[in-house]
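Single-letter residue listing:
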Amino acid sequence: REVIRRNAELNKTKLSVSATLSSKQRYDLCFANILLPVLIDYQAQVSAAVLREGYLIASGLLNEDEERFLNAYQGSFTRVLTAHEDGWSAILLRRK
């Protein structure tokens, strides 16, 4: 976390780093590098953490899990971009 905070300072960027979800805080950008079962279990909390028209980057997804992930999040998000590498997916979503 310290490295992330220092990079944010050097780039004069406002950044909040958290390893937990809070129903009280919402963000312009959330990043989740977690396997599908966790993203499914925490869909409501993850969705609530992203501000309207904010972004969610989900990575750590196996390519074969991509559709299940998108089905779980389609009610709150629209897919913007998907990247694949070595059997893994990273998906950028925008909050509706």
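Residues numbered from 1 in each chain as written. Predicted model: local features only at pLDDT ≥ 70, side-chain atom pairs only at ≥ 80, totals over all residues. Heavy atoms only, no water.

Draft legend 1. Spotlight on the pattern of salt bridges. Tallying each qualifying case throughout the model produces two salt bridges. Its salt-bridge partner being R79, residue E66 comes within 3.1 Å of it at the nearest N-O pair. Of this pair, E66 sits in helix 4 (residues 66-73) while R79 sits in strand 3 (residues 77-85), placing them 13 residues apart in sequence. Overall, R79 belongs to the partly exposed group, its relative accessible area being 41%. (Salt bridge = Lys/Arg side-chain N within 4 Å of Asp/Glu carboxyl O. Helix = DSSP H or I, 4+ residues; strand = E, 2+ residues; numbered from the N terminus. Buried < 20%, exposed > 50% of the residue type's maximum accessible area, 1.4 Å probe, protein only.)

Draft legend 2. Local environment of the side chain of S47. Positionally, S47 belongs in helix 3 (residues 43-49). Using a relative accessible area of 4% as the deciding quantity, one classes S47 as buried. Those residues in contact with S47 that sit more than four places away from it in its chain are Y73, S76, F77 and R95. (Contact = heavy atoms within 4.5 Å.)

Draft legend 3. Broad picture of the environment of T82. Inspection of the secondary structure puts T82 in strand 3. For T82, a relative accessible area of 22% corresponds to the partly exposed category. T82 sits 23 residues away from S59 along the chain, and the two C-alpha atoms are 9.7 Å apart. With residues up to four places along the chain from it excluded, the contact list for T82 reads E66, A90 and I91. One polar contact links T82 to R79, side chain to side chain, over a distance of 3.4 Å. (Polar contact = N/O pair within 3.5 Å; in protein donor to acceptor, adjacent residues only side chain to side chain.)

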